Protein chains: 2
Amino acid sequence: MSLPPILIENVSPSVDGGRYPAKRVVGDVCVVEADIFRDGAEVLRAQIHWWKEGETAFNVAPMEPLVNDRWQGRFVLADLADYRFTLEAWTDPFASWRSALRRWVAGNQDVTSEIQEGIRLIAACADRAEGEDCQTLEEALALLRDCGSDGDAALAVVSDAALSTLMDRLGARIQPVVYDPPLAIQVNRTRARFGAWYEMFPRSQGTVPGTGATFREAEARLPAIRDLGFDVIYLPPIHPIGATHRKGRNSALEAGPGDPGSPWAIGGAAGGYLDVEPALGTLEDFDHFVMVADRLGMEIALDFAIQVSPDHPWVRAHPEWFYLRPDGTIKYAENPPKRYQDIYPLNFQSGHAKQIWLAMLEIVEFWIDHGVKIFRIDNPHTKPFSFWHWLLQQVRRRDPDVLFLAEAFTRPKIMKALAKLGFHQSYSYFTWRNTKQELTEYLTELSQTEVREFYQPNFFTNTPDILHEFLRRGGRPAFQIRLILAATLSPSYGIYSGFELCENDAVPDTEEYLNSEKFEIKVRDWNRPGNLNELIARVNRIRNENAALHDLTNVRFLGAENANILFCMKATADKSNVLLIAVNLDPFHTQDAVVWVPLADIGVRAGESYDVEDLLTGARYRWGERNFVRLSPDGPPAHILRVERIPHP
Amino acid sequence: MSLPPILIENVSPSVDGGRYPAKRVVGDVCVVEADIFRDGAEVLRAQIHWWKEGETAFNVAPMEPLVNDRWQGRFVLADLADYRFTLEAWTDPFASWRSALRRWVAGNQDVTSEIQEGIRLIAACADRAEGEDCQTLEEALALLRDCGSDGDAALAVVSDAALSTLMDRLGARIQPVVYDPPLAIQVNRTRARFGAWYEMFPRSQGTVPGTGATFREAEARLPAIRDLGFDVIYLPPIHPIGATHRKGRNSALEAGPGDPGSPWAIGGAAGGYLDVEPALGTLEDFDHFVMVADRLGMEIALDFAIQVSPDHPWVRAHPEWFYLRPDGTIKYAENPPKRYQDIYPLNFQSGHAKQIWLAMLEIVEFWIDHGVKIFRIDNPHTKPFSFWHWLLQQVRRRDPDVLFLAEAFTRPKIMKALAKLGFHQSYSYFTWRNTKQELTEYLTELSQTEVREFYQPNFFTNTPDILHEFLRRGGRPAFQIRLILAATLSPSYGIYSGFELCENDAVPDTEEYLNSEKFEIKVRDWNRPGNLNELIARVNRIRNENAALHDLTNVRFLGAENANILFCMKATADKSNVLLIAVNLDPFHTQDAVVWVPLADIGVRAGESYDVEDLLTGARYRWGERNFVRLSPDGPPAHILRVERIPHP
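The residue numbering used here restarts from 1 in each chain and proceeds along that chain's sequence as written. Ligands are numbered from 1 and chains lettered from A, in the order in which they are written. Predicted model: local features are reported for residues with pLDDT of at least 70 only, side-chain atom pairs are reported and counted for 80 or more only, and whole-chain, interface and lining totals are derived from all residues. Calculated side-chain values reflect all of the structure's heavy atoms, with hydrogen atoms and water omitted.

1. Regarding the overall build of chain A
Now for step 1: In terms of helices and strands, chain A carries 15 helices and 29 strands.
Now for step 2: Across its three principal directions, the C-alpha atoms of chain A cover 105 × 65 × 45 Å.
Now for step 3: The cut-offs for exposure are 20% and 50% of the maximum accessible area for each residue type, with area from a 1.4 Å probe on protein chains only; residues under the lower value are buried, those over the upper are exposed, and the others partly exposed. Across the 649 residues of chain A, 58% fall into the buried class.
Now for step 4: For this analysis, residues touch if any pair of their heavy atoms sits within 4.5 Å. In chain A, once contacts between residues fewer than 6 apart in sequence are set aside, the share between residues at least 24 apart is 75%.
Now for step 5: Accessible surface computed for chain A: about 25500 Å², of which carbon and sulfur atoms make up 50%.
Now for step 6: The positive charge centre, built from 68 side chains, and the negative charge centre, built from 88, are 4 Å apart in chain A. Here a strand is any run of E in DSSP of at least two residues, a helix any run of H or I of at least four, and the numbering for each starts at the N terminus. Note that accessible areas follow from Shrake-Rupley with a 1.4 Å probe, and for residues the cover is restricted to the protein chains shown. His is not counted, nor are the chain ends; Lys and Arg add positive charge and Asp and Glu add negative charge. Working definition for charges: the position is that of NZ of Lys, CZ of Arg, CG of Asp or CD of Glu.

2. Here we look at the environment of B:R316
Now for step 1: For B:R316, the position within the fold is in helix 9 (residues 313-317).
Now for step 2: B:R316 sits 108 residues away from B:V208 along the chain, and the two C-alpha atoms are 37 Å apart.

3. Things to note about the relation of the copies chain B and chain A
Now for step 1: Fitting of the copies onto one another was done by least squares over C-alpha atoms, counting residues only where both copies have pLDDT of at least 70. Rotating chain B by 180 degrees and moving it 0.0 Å along the rotation axis overlays it on chain A with an RMSD of 0.1 Å. Taken together, the rotation angle and the small translation identify this as a two-fold axis. The rotation axis passes nearest to the C-alpha of B:G17 in chain B, at a distance of 3.6 Å.
Now for step 2: Comparing interface residues between copies, 100% of those in chain B also lie at the interface in chain A; the contact surface is shared.

4. Structural notes on the pairing of strand 2 (residues 22-25) of chain B
Residue and element names in this part refer to chain B.
Now for step 1: Side-chain alternation along strand 2 places A22 and R24 on one buried face and K23 and V25 on a second face that is also buried.
Now for step 2: Note on pairing: DSSP must find at least two bridges between two strands before they are called paired. Relative to strand 9 (residues 183-188), strand 2 runs parallel, the two sharing four bridges. Opposite V25, over in strand 9, you have N188 as the bridge partner.

5. What to know about the side chain of A:R24
All names here are of chain A.
Now for step 1: Tracing the backbone shows R24 in strand 2 (residues 22-25).
Now for step 2: With a relative accessible area of 14%, R24 lands in the buried category.
Now for step 3: There is a polar contact of 2.8 Å between the side chain of R24 and the side chain of E453.
Now for step 4: Ignoring sequence-local partners within four residues, the contact set of R24 consists of P13, L77, I185, Q186, V187, N188, R193 and E453. Think of a polar contact as two N or O atoms within 3.5 Å of one another; within protein, one of them needs to be a possible hydrogen donor and the other a possible acceptor, and neighboring residues in sequence only count if both atoms come from side chains.

6. Overview of helix 15 (residues 533-545) of chain B
Since the α-helix packs 3.6 residues into each turn, any two residues three or four apart lie on the same face.
All names here are of chain B.
Now for step 1: An expected span of 1.5 Å times one less than the residue number is assigned to each helix. Under the 1.5 Å per step criterion, the end-to-end length of helix 15 is 18 Å for 13 residues, consistent within 8% with the ideal 18 Å.
Now for step 2: Every buried residue belonging to helix 15 is among N533, L535, I536, A537, V539, N540, I542 and R543, and all of these are buried.
Now for step 3: If you follow the buried residues of helix 15, they end up packed against strand 10 (195-199), helix 7 (222-227), helix 14 (469-489), strand 21 (492-496) and strand 29 (638-643).

7. Considering the pattern of salt bridges
Now for step 1: A pair is scored as a salt bridge if a Lys or Arg side-chain nitrogen falls within 4 Å of a carboxyl oxygen belonging to Asp or Glu. For the coordinates displayed, the defined rule picks out 94 salt bridges over all chains.
Now for step 2: We note a salt bridge from A:E453 to A:R24, for which the minimum N-O separation is 2.8 Å. Taken as a pair, A:E453 in the loop between helix 13 (436-448) and strand 20 (459-460) and A:R24 in strand 2 lie far apart in primary sequence, 429 residues in all.
Now for step 3: One network of salt bridges, in which partners are shared, links A:E114, A:E117, B:R325, B:K331, B:E334 and B:R339.

8. Re the sheet that holds strand 18 (residues 403-407) of chain B
Residue and element names in this part refer to chain B.
Now for step 1: Strand order across the open sheet formed by eight strands is 19-18-17-12-11-10-21-20, with parallel pairing between neighbours. A strand with exactly one partner marks an edge of an open sheet, and here the two such strands are strand 19 (425-426) and strand 20 (459-460).
Now for step 2: Bridging between strand 10 and strand 11 (residues 232-235) involves three bridges; their strand directions are parallel. By the bridge assignment, Y198 is partnered in strand 11 with I233.
Now for step 3: A fitted line through C-alpha atoms represents every axis, and for helices the fit uses only the stretch in contact; the resulting angles, taken between N-to-C directions, go from 0 to 180 degrees. In the packing of helix 8 (residues 283-295) onto the sheet, contacts are made with strand 11 and strand 12 (299-305), and the angle to strand 12 comes to roughly 135 degrees.

9. Let's talk about the packing of aromatic side chains
Now for step 1: Under the pairing criterion, centres of Phe, Tyr and Trp rings, with the six-membered ring standing for Trp, must be within 6.5 Å; the plane angle then separates stacked pairs below 30 degrees from edge-to-face pairs above 60, leaving the rest tilted. Per the stated rule, a full pass over the model turns up 73 aromatic pairs over all chains.
Now for step 2: Here A:F404 and A:F423 contribute two aromatic rings whose centre-to-centre distance is 6.5 Å and whose plane-to-plane angle is 90 degrees, an arrangement assigned as edge-to-face. Remark: A:F423 occurs in the loop between helix 12 (412-421) and strand 19 (425-426) and A:F404 occurs in strand 18 (residues 403-407); sequence separation between them is 19 residues.
Now for step 3: Taking the relative accessible area as the measure of exposure, A:F404 reaches 2% and is therefore buried.
Now for step 4: Ring geometry for B:F230 and B:Y493: centres 6.4 Å apart, planes at 40 degrees, overall tilted. Here B:F230, found in the loop between helix 7 and strand 11, pairs with B:Y493, found in strand 21; they are 263 residues apart in sequence, far enough to count as distant.
Now for step 5: Here B:Y493 falls in the buried class, since its relative accessible area comes to 0%.
Now for step 6: Among the aromatic residues, ring-to-ring pairing joins A:F348, A:W357, A:F375, A:F387, A:W388, A:W390, A:F404 and A:F423 into one connected group.
Now for step 7: Note on geometry: a ring has a charge over it if NZ (lysine) or CZ (arginine) is within 6 Å of the ring centre and within 35 degrees of the ring normal. Just above the ring of B:Y442 sits the side chain of B:R433; from NZ or CZ to the centre is 5.2 Å.

10. Some thoughts on unusual backbone geometry
Note: most peptide bonds trans; most residues except glycine with negative phi.
Residues and elements named next belong to chain A.
Now for step 1: Between P336 and P337 the backbone carries a cis peptide bond, its omega angle lying at 5 degrees.
Now for step 2: Unusually for a residue other than glycine, N10 sits at a positive phi of about 55 degrees.
Now for step 3: Locating N10 in the fold gives a position in strand 1 (residues 7-12).
Now for step 4: You can call N10 exposed: its relative accessible area is 54%.
Now for step 5: Positive phi, normally seen in glycine, also occurs at N515, with a value near 55 degrees.
Now for step 6: As for its position among the elements, N515 is in the loop between strand 21 (492-496) and helix 15 (533-545).

11. A look at the side chain of B:N531
Residue and element names in this part refer to chain B.
Now for step 1: Mapped onto the secondary structure, N531 falls in the loop between strand 21 and helix 15.
Now for step 2: In terms of polar contacts, N531 uses its side chain to reach the backbone carbonyl oxygen of N527, at 3.4 Å.
Now for step 3: The residues touching N531, leaving out its near neighbours within four places in the chain, are R476, E500, L501 and W526.

12. Looking at the packing of helix 14 of chain B against helix 15 of chain B
Residues and elements named next belong to chain B.
Now for step 1: Where helix 14 contacts helix 15, the axes come no closer than 10 Å and their chain directions differ by 15 degrees. In terms of their interaxial angle, helix 14 and helix 15 are classed as roughly parallel. Seen from above, helix 14 lies across helix 15 with right-handed handedness. In contact with Q480, L483, I484 and A487 of helix 14, helix 15 contributes L535, I536, V539 and R543.
Now for step 2: Counted by class, the contact of helix 14 with helix 15 contains six nonpolar, one polar and one charged residues. Any angle from 65 to 115 degrees is called roughly perpendicular, while one under 35 is roughly parallel, one over 145 is roughly antiparallel, and all others are oblique. The crossing is said to be left-handed when, going from far helix to near helix, the turn is anticlockwise and less than a right angle, and right-handed when the turn is clockwise. Think of it as three bins: nonpolar holds Ala, Val, Leu, Ile, Met, Phe, Trp, Tyr, Cys and Pro, charged holds Asp, Glu, Lys and Arg, and polar takes everything else, Gly as well.

13. A word on the environment of B:C147
All names here are of chain B.
Now for step 1: Secondary-structure assignment places C147 in the loop between helix 3 (131-145) and helix 4 (151-158).
Now for step 2: Spatially, the C-alpha atom of C147 lies 99 Å from that of E254, the residues being 107 residues apart in sequence.
Now for step 3: Once residues within four sequence positions are removed from consideration, C147 is found in contact with I115, A153, A154 and V157.

14. Brief notes about the interface of chain B and chain A
Now for step 1: Facing the 55 residues of chain B at the interface are 55 residues of chain A.
Now for step 2: Counting each side, the surface lost to burial between chain B and chain A is near 5000 Å², with a carbon and sulfur contribution of 51%.
Now for step 3: Put simply, chain B and chain A have twelve salt bridges between them.
Now for step 4: Where chain B touches chain A, the interface holds 22 residue pairs in polar contact (both at pLDDT 80 or more).
Now for step 5: Breaking the side of chain B that touches chain A down by element, the ones donating at least two residues are strand 1 (7-12), strand 3 (29-37), helix 1 (93-106), helix 2 (112-128), strand 14 (333-335), strand 15 (338-340), helix 11 (385-398) and helix 12 (412-421) of chain B.
Now for step 6: Among the elements that take part in the side of chain B that touches chain A, helix 12 of chain B stands out by supplying six residues, more than any other. In short, buried area is how much 1.4 Å probe accessible area vanishes from two parts on joining, totalled over both.

The following block contains the structure:
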């Protein structure tokens with residue numbers, strides 16, 4: 001190892017020292033920082049080199065020193081592409097000389113010799129310059145030669161803006177150093193960061209009790225969901241459901257007559273991954289469903305679960321793709337001491353892994369061609385990292401607008417690894433973070449550490465598998481609290497249908513829904529009393545209208561003198577949109593607190609007041625640094641306050 | 001990029017992701033940690049591969065999982081050498097199978113098929129085994145075959161220790177992954193971490209006012225310094241001092257008759273870097289001085305300042321090694337608006353840099369051959385990083401026991417870079433960290449962050465250039481406070497002579513000593529009233545006798561309900577030596593505080609008491625969790641309490 005003359009260290013954004021790309025969305029400004037320094041007191045300069053992968057020429061953006069050898073620059077990520085950047089730094093002899101001259105003059109020292117040095121530097125540059133540039137330099141030289149030992153006059157000459165620009169451009173660059181290797185930024189479409197998701201079983205969108213809906217019937221529900229303000233409709237698997245070992249209601253080992261089975265038991269007499277469950281209709285019906293959603297401004301996210309029912313065509317066509325028992329039979333999915341007789345996992349360790357990989361890619365591309373641009377991947381952590389990395393790269397190459405959400409609820413390092421290797425979004429621990437301390441610590445990790453560069457959480461309030469005790473015990477106020485937390489803390493969030501009706505009957509002492517929709521058909525009155533439709537629609541409208549809610553990393557927790565009141569601020573970088581959010585985390589009691597606003601950070605002078613509008617209720621308040629809030633479980637259990645008047649930006 | 005089947009991340013110790021070596025001393029146990037994980041629920045195993053640079057075979061040390069995919073292992077750094085290590089991880093099918101079997105049995109499931117799988121795994125291993133190993137495996141197979149579907153019996157068979165050891169050693173290792181590139185550990189001798197330094201000007205060790213001492217005369221001082229408990233005598237440059245532009249007393253531009261000049265103006269009629277200032281004696285006298293120190297158990301650290309007086313032989317022999325002004329004259333050292341007419345810097349940017357590098361190496365090797373094993377490098381931050389990196393590598397190759405201390409007081413990233421590139425020790429900001437908050441924050445950075453892996457500070461209480469206001473204003477109590485802080489917080493610390501006499505006359509409003517020894521000869525009464533000799537000797541003895549003080553990274557700050565009382569704990573890893581240290585940071589007033597001891601961490605049960613002995617006074621106390629301390633500026637302003645009784649280790 002040999003050391004370069006200038007050290008460039010601690011460059012951000014980078015993930016694991018550049019091993020994985022950082023993530024951004026189209027239109028983001030990429031702010032780059034680095035420690036850049038050398039020995040001695042010479043003046044350094046630095047710039048960013050950035051380009052899109054595949055381009056041969058690079059673009060340049062300037063960097064400026066912040067403090068303590070930390071430098072910063074920025075460039076715009078205009079396109080859906082993979083960007084690369086690196087940094088270049090060099091010693092600037094002209095700037096170094098001018099800086100020293102300034103200090104000599106300030107100290108009333110004789111600068112005769114120093115002026116001669118400056119003449120040499122400019123003359124060397126003039127020798128290389130042409131035309132007008134050369135003329136400008138020669139004029140400066142003539143002026144400088146006339147200065148003799150007059151330091152003030154010399155400083156005036158060499159501080160001229162035109163000369164400075166020219167010397168920046170044409171002056172010698174001593175020992176330039178380029179950071180290596182370049183770092184990567186994966187730029188995705190906006191939906192990778194911002195979107196409101198609604199999970200629903202199409203078969204449960206009907207109106208006749210006990211009868212499953214088809215896609216054509218489920219379409220009728222789409223306008224209402226659009227009215228709630230959702231952007232993405234996420235569907236569990238839509239493929240033929242297996243009959244062998246089909247699970248009955250409440251996960252019973254034997255299905256009763258008419259039990260529809262779990263959509264995650266994929267494959268049956270009607271086909272496999274490339275087919276539609278006949279009870280839902282045809283592929284054309286699905287296409288129509290996608291089209292109607294699209295017309296309403298929504299898109300479809302499709303579940304992709306790599307496990308098949310014993311009836312999937314692959315079981316006969318490719319028995320070698322599965323795990324075999326010593327007696328030659330195919331192994332069920334199992335997680336000792338539990339066995340899942342209705343599904344077989346694929347054996348990614350078998351000698352046929354590459355065939356399996358290609359089959360998976362074929363499935364994804366098939367559904368992309370049917371209008372699906374988002375896949376929610378079921379249990380990605382039980383398949384090899386290298387497989388996902390390959391699959392996501394293949395898809396991105398063909399369809400860079402396709403997004404993948406990792407449904408992994410497992411150990412933290414595995415969830416992070418999936419995000420690093422390419423998943424655009426990830427499920428999170430949000431459902432299990434309910435106290436002020438839990439929420440603060442978790443959001444701080446997600447928003448303030450290196451995790452922010454690669455991990456985009458999607459805060460689901462509930463899923464078909466997770467009905468948290470907070471909702472089970474807290475009832476309607478708890479649903480309101482969790483909705484507002486999810487929708488404001490994270491730019492991507494979702495609910496699983498039934499949430500808006502505050503459904504919270506669970507299998508006792510578990511997070512499983514009682515009479516889970518996974519195993520039976522539901523028919524609901526979507527407008528029954530006590531529903532949260534109005535609040536949901538309002539919250540989604542607030543999200544759409546306030547850019548501060550389109551970012552996860554801008555959350556800042558503020559002081560509230562009550563452990564049940566979470567108080568935080570979200571603001572755009574330019575402070576044009578500043579929100580103060582207070583949530584009562586107690587679903588049972590009214591809570592109040594004094595809350596503190598850092599006035600300087602919202603552009604208000606000490607001692608001055610400002611107006612806030614509660615976007616949930618329309619109420620207006622005059623606030624200061626120290627404010628009183630009282631929130632009841634009966635009213636909206638939160639304030640979402642927009643700062644209306646910012647006197648001193 | 002393709003991803004391995006098992007991810008190994010966040011390996012420690014490592015510096016900048018492996019770009020620089022971590023530092024340790026001979027005899028240290030190197031504790032290695034890493035995040036190691038893969039998809040799914042298979043059981044992983046991992047081990048360390050370690051070797052000394054230049055060796056072809058590697059050694060193996062086991063790793064065990066801690067929590068959340070964090071693994072740990074260790075190996076001993078027995079030799080003064082450069083070590084390398086990497087990690088290997090693999091999937092263990094036998095352990096995975098046995099883990100699943102255990103869960104099946106616990107869940108009362110039928111395990112007939114599982115037992116058959118286990119038989120296959122062991123049989124495959126038996127096919128490869130020989131002799132006794134094969135026999136052991138065959139016996140186990142016979143027992144397992146007899147189990148039929150009896151899970152408990154099968155578990156008993158496969159939990160056998162001999163079988164487990166054999167399967168660990170001979171069983172299949174699926175998809176092994178080796179971390180790349182290997183990481184480096186630079187192992188130094190103990191003095192790199194632990195030592196008490198005493199800085200002195202040999203010429204000021206005499207007894208006749210106005211007359212400089214020779215090395216032969218200075219030798220007489222060595223036993224007294226040994227009695228104070230110091231390990232290293234650090235000498236400013238000992239070379240001939242230039243006459244041209246020699247500085248006078250108090251840095252006067254013109255020297256008076258008899259003014260000895262600054263030792264840092266190197267080179268004169270009597271020679272340069274390879275010579276001894278005639279007023280100090282001959283090279284033989286220096287050799288003798290080194291020998292006497294060595295017999296007393298001390299070693300010499302020599303200053304190496306790369307800058308010469310206008311009278312150094314190089315100025316005539318190699319004018320091209322220096323910076324030239326436009327008029328052809330050589331440039332003084334300068335730091336606008338200051339000029340240092342008595343010294344010339346060398347031009348490391350000149351075309352003759354390689355010659356200069358080699359000349360520097362020659363100097364260092366010359367003095368190594370005269371018994372110098374420590375160099376204190378003056379202002380290393382004004383020379384290229386690449387030069388130091390090269391020089392230190394060259395020296396380490398020939399003389400791995402030679403140590404370098406970086407005297408850089410500059411911006412934090414530059415100080416850290418010098419440590420990363422090879423300096424064994426570094427000066428620090430300690431002199432400017434005086435309040436409890438300052439000390440706590442600074443020590444926490446040095447001891448708890450990645451900085452601990454490469455930056456070994458040497459806490460000097462004062463230097464010829466730094467007499468801090470705390471000492472100037474606080475008088476004798478302040479000197480006691482700073483001595484105890486330096487000597488207990490950092491295993492390497494030092495004082496500059498005169499400290500023991502509480503000398504604190506400064507040039508007004510500066511950190512410069514008045515009548516600085518840099519420019520004149522001093523004669524002192526080393527035993528004059530008010531000296532700190534007894535305290536210094538005691539503190540150094542405490543350091544030598546308590547292993548907890550031989551480490552920087554074990555400091556832990558504890559609660560003390562008074563901002564003027566710093567309270568911390570230092571303990572060896574095995575808790576055989578536990579110290580509780582309380583220091584009154586206020587040199588003017590008695591302060592008291594309730595201090596809190598985390599009983600569990602010192603091996604005491606809740607509610608129990610323990611004895612402590614104050615190593616400064618010999619007093620004994622019975623302490624508990626909550627204790628009262630009162631410290632006066634008049635007594636020793638600190639407790640250094642050794643926990644005497646640890647009932648429950």
